[in-house]
Structure formats: structure tokens, C-alpha cells
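# Structural description and commentary
Here is how the chains run, residue by residue.
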Amino acid sequence: MTDAAELRTRTKELLAAHPPATTDRLDFLKARFDAGLAWVHYPEGLGGLGAPRTLQAVVDAELEAAGAPDNDPRRIGIGLGMAAPTILGFGTEEQKRTFLRPLWVGEEVWCQLFSEPGAGSDLAALGTRAVREGDNWVVNGQKVWTSSAHLARWAILIARTDPDVPKHRGITYFICDMTDPGVEVRPLRQITGEAEFNEVFLTDVRIPDAHRLGEVGDGWRVAQTTLMNERVSIGGMRIPREGGMIGPVSGTWRERPELRTHDLHQRLLKLWVEAEVARLSGERLRQQLVAGQPGHEGSGMKLGFARLNQEISGLEVELLGEEGLLYDDWTMRRPELVDFTGRDAGYRYLRSKGNSIEGGTSEVLLNIVAERVLGLPSEPRTDKDVAWKDLTR
């Protein structure tokens, strides 16, 4: 069993062989992956050493102290937080060795082709079709709200392969090449003025069967791994005390005493405590991951993340008064990542509205928490045993 002392030794050997100050950033990251120090809990040869997940912090601390580069995790968050654990759980050995290394080092950005115009909250009702032709699948359909599609090399995609069975059973999971000529990405301009989201049109896109994850028709089960990891990565991010959205408004409160009122003070105290509870709950959730796959508690964390962000950003706008109505820039951009804390209060207020939609709508997550965490009775579902082709759309 690899322990902390051995990991420190391996990390020092990596730093000695590839000094961060004189080694190309990408070369260093590739060497780190090959040394098993990318994800220490992943198997050997796939960026890890089969070590306990908790020991990743030992490696990260040593590398940070040495000034080593990271892999810009916010830029490649979909690949790291969603694609990688799904490939690890359901991919073939060839798929794991093909995709995980360039994904982790950041050579290739990933996106997620799940939601559709007619199947957002009810994801299992999706209508994008994949039809088998020999060793390939021909895919036609439309996806929407796709973060990073304008940057992505690869996508995780779910499509309907059997319309004659109930909606959850006729779905298959694929890895899609975003450079295929049949893939068209169009920007979706948001209330912030930017277009970090996209809509994606798929026209006769040919995906080799070798890029299928899991069994044919088992895509819904595979997708659950992706979705649970997505919600943990959104709602359970590791942040310091007073990190995230509560940081800017707390800073303004301390620096601008002339803006304070008794009512705003009470509301800020309440939200500060809730933000700290959410932060500590996220730590507990990450510790639970050591024992295996994330559970449905991640849905609760993501639900709280959305509500808190919206309440905190609303308080910040009120605290700033007329200044809170200003907005720094309406320029149409297609950014590489969302920067909540690097922008002004107006941006935070507008952008946080999307938090209750992305990564699972708050309404869907409330059902998940009620049924799968609290054990409450399920909602009546009249379409559960109806073939997808017979559903009203």
C-alpha cells in the first residue's frame, strides 16, 4: 500500500528529474501523469498508483510548494469532473489509455452533450438518435446549454438507440469527436452578454462503436455516474473559508461601513453561516468519496450551491445600492471559464441565475433528494413503462 512517505519521495523524484523552473509546462504535466501523481487513487498506468484518494493532498502540497504548474482545472473541469470518472468506470482499457492522459494534462478540452431543447429537466426523454451502421453509429439531433463546446475536442454524448422501449432503457452513451464535419456549434448569448454556453447540431455524425461507453441500451446507468460526479464537482468544490460568492460581499461590508444597515447585517450573518456550513458539508462529501462513487448527497450540495449563490449575489447588489446596478461590459464573448469572483457584483447577480438550471434543475434535484436521500414516496410517473416512441411530445 502506497503511503504518504512514499508519495513524498516520488514527488521529490519527479521534481528533481523535471525542475518546474526549466521544464516546459506540458512536459511537466505529462511526466507527473506518467509518474502516477495525477490522480493517485487511479490505477497504475492511468495517472495513479492505486493509493487512497486522501493522499492526493500530500502530492499537491509538495508540488505547490515547489512552484510546479497545475493543469488549469477550471478550464478542463468537465473532463476532470465528469468524463474521466465515467471513462474509468465504464471504458475499455484502450479507451482509458487513449483519453485519460490528454484529458488530465489539458491537451484536450471536453464538453457534455446531454440536454436537449425538448429534454432538459426530463433528460431521459431525449430524442437525438443513433442508428447502427456496421462498426459505426450515425447520430442526428440537437443538444443545448453545452458549456465549452466551442473549445472542446471531445464530448460525452447520450443518444437514443432504441425508441421501442421505455425512455430510460433505450439510451446509449458515446464519446463524440467534436471536429467531425457533422458537428455544428452555435453560441447562445446569455443574460450576462457572454456566450459560454452553446447549442450543438449533429448531422449524420459517424461515431465508431469503439467509442461507445458501456453496453448498448445501458446509457442511462452510465450517465448517472457522470451526473453524480457533475453535481459533486459543482456543489462540492474545495474552497477556503469565506471563499466563493460570500467573499466579495464580506469584503465590501468590511471596507464600506457607510453602506451598512441593520437589516443587511442580519442577512449577511445568516448567509455567511450558511456558506460556511455548505463549505464544511462539501469537505464531508469529498471524504465520503474515498469509500467509492459519489452518492445522491451531491444533488443536495448542488441544490444548496445554487440557492446560496443567488441569495448572496442579491444581497451584494442591494448593499452596493446604485453601484450595484452598474455592469462592467456587455461585449459578446465566448469565455473559456466562468469567473464569479473576478467580475463585478452585476455579473455575479446575473450569472448566478443559471446555477439553478445547469447541472440539473433545482426542481429535479429536490425530487432526487426527497426520494433517494430522505426516502420519501416517489412522484407518480405515468410514462415509466411506455415506449419512448409512444410518448406525447
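Above: the structure in question.
This text gives an overview of the structure that appears in the document.

Calculation notes
- Residues numbered from 1 in each chain as written.
- Predicted model: local features only at pLDDT ≥ 70, side-chain atom pairs only at ≥ 80, totals over all residues.
- Heavy atoms only, no water.
- Helix = DSSP H or I, 4+ residues; strand = E, 2+ residues; numbered from the N terminus.
- Rg over C-alpha atoms; globule rule 2.2 N^0.38 Å.
- Contact = heavy atoms within 4.5 Å.
- Axes fitted to C-alpha atoms, helices over the stretch in contact; angles between N-to-C directions.
- Parallel < 35°, antiparallel > 145°, perpendicular 65-115°, else oblique.
- Left-handed = near helix turned anticlockwise from the far one by under 90°.
- Nonpolar A, V, L, I, M, F, W, Y, C, P; charged D, E, K, R; others polar.
- Salt bridge = Lys/Arg side-chain N within 4 Å of Asp/Glu carboxyl O.
- Buried < 20%, exposed > 50% of the residue type's maximum accessible area, 1.4 Å probe, protein only.
- Phe/Tyr/Trp six-rings, centres within 6.5 Å; stacked < 30°, edge-to-face > 60°.
- Pairing = 2+ DSSP bridges.
- Disulfide = S-S within 2.5 Å.
- Core = buried A, V, L, I, M, F, W, Y, C linked by side-chain atoms within 4.5 Å.

Another point: the overall build of the protein. The number of helices and strands found in the protein is 11 helices and eight strands. For 393 residues, the compact-globule estimate of 2.2 N^0.38 gives 21 Å, and the protein sits close to it at 22 Å. Along the three orthogonal principal directions, the C-alpha set of the protein runs to about 70 × 60 × 45 Å. If you take every contact in the protein between residues at least 6 apart in sequence, the share linking residues at least 24 apart comes to 71%.

Where helix H2 (residues 25-34) meets helix H5 (residues 93-105), the axes come as close as 9 Å, and the angle between the chain directions of the two elements is 135°. On the basis of the axis angle, H2 is oblique to H5. Here H2 and H5 pass one another in a crossing that is right-handed. Note on element contacts: H5 touches H2 through Leu100, Arg101, Trp104 and Val105, opposite Leu26, Leu29, Lys30, Arg32, Phe33 and Asp34. Grouping the amino acids of the contact of H2 with H5 by side-chain chemistry returns six nonpolar, no polar and four charged.

This paragraph deals with the packing of helix H4 (residues 77-90) against H5. Contact pair H4 / H5: the axes reach a minimum separation of 10 Å and the direction vectors enclose 165°. By the criterion of interaxial angle, the relationship of H4 to H5 is roughly antiparallel. Crossing geometry of H4 relative to H5 is assigned as left-handed. Contacts between H4 and H5 pair Gly79, Leu80, Ala83, Ala84, Ile87 and Leu88 from the former with Gln95, Lys96, Phe99, Leu100, Leu103 and Trp104 from the latter. Here the contact of H4 with H5 is built from residues that sort into nine nonpolar, two polar and one charged.

With that settled, the discussion passes to unusual backbone geometry. Here the phi dihedral of Asp204 falls at roughly 50°; this positive angle occurs in a residue that is not glycine. Relative to the helices and strands, Asp204 resides in strand E7 (residues 197-208). For Glu242, which is not a glycine, the phi torsion comes out positive at approximately 65°. Along the chain, Glu242 turns up in the loop between helix H6 (219-235) and helix H7 (246-255).

Right, let's get into the pattern of salt bridges. Under the criterion given, the structure shown has 36 salt bridges. We note a salt bridge from Arg307 to Glu311, for which the minimum N-O separation is 3.2 Å. In this pair, Arg307 and Glu311 both sit in helix H9 (residues 297-320), four residues apart, roughly one turn of the helix. Residue Glu311 is classed as partly exposed on the basis of its relative accessible area of 33%. Taken together, the shared-partner salt bridges in this structure form one network comprising Glu194, Asp328, Asp329, Arg333 and Arg343.

Turning our attention to the packing of aromatic side chains. Inspection of every chain in the model, using the stated rule, returns 11 aromatic pairs. With a centroid separation of 5.6 Å and an interplanar angle of 80°, the aromatic rings of Phe99 and Trp110 are classed as edge-to-face. Of this pair, Phe99 sits in helix H5 while Trp110 sits in strand E1 (residues 110-113), and the two are 11 residues apart along the sequence. The exposure classification of Phe99 matches that of Trp110, with both residues buried. An aromatic cluster is built from Phe33, Trp39, Tyr42 and Trp104, whose rings are joined through pairwise contacts.

With that settled, the discussion passes to the pairing of strand E5 (residues 171-177). Of all seven residues in E5, six are buried; the element is thus mostly enclosed. One ladder, built from seven bridges, connects strand E4 (residues 154-160) with E5; its direction is antiparallel. Residue pairing across strands places Arg160 opposite Ile171, the latter belonging to E5. Here E5 pairs with strand E8 (residues 212-213) via two bridges, running antiparallel. Bridging from a neighbouring strand, Phe174 pairs with Arg212 of E8.

Now for the state of the cysteines. Overall, the coordinates contain zero disulfides when judged by the stated rule. Cysteine Cys111 shares no disulfide, and the gap to the nearest cysteine sulfur, in Cys176, comes to 7.7 Å. Residue Cys111 is classed as buried on the basis of its relative accessible area of 0%.

Relative to the elements of secondary structure, Thr252 occurs in helix H7. What makes Thr252 buried here is its relative accessible area of 14%. In this structure Thr252 touches Leu259, Leu319 and Leu320, once residues within four positions along its chain are discounted.

Glancing now at the nonpolar core. By size, the foremost hydrophobic cluster in this structure holds 53 residues, and its most contacted members are Trp39, Trp110, Leu113 and Met178. Every residue in contact with Leu113, bar those within four places of it in the chain, is listed here: Lys143, Thr146, Ala155, Ile156, Leu157, Ile158, Cys176, Met178, Val200 and Leu202. By size, the runner-up hydrophobic cluster in this structure holds 16 residues, among which are Trp253, Leu259, Leu264 and Leu271.

Without other data, these values stay purely geometric and don't point to any function.
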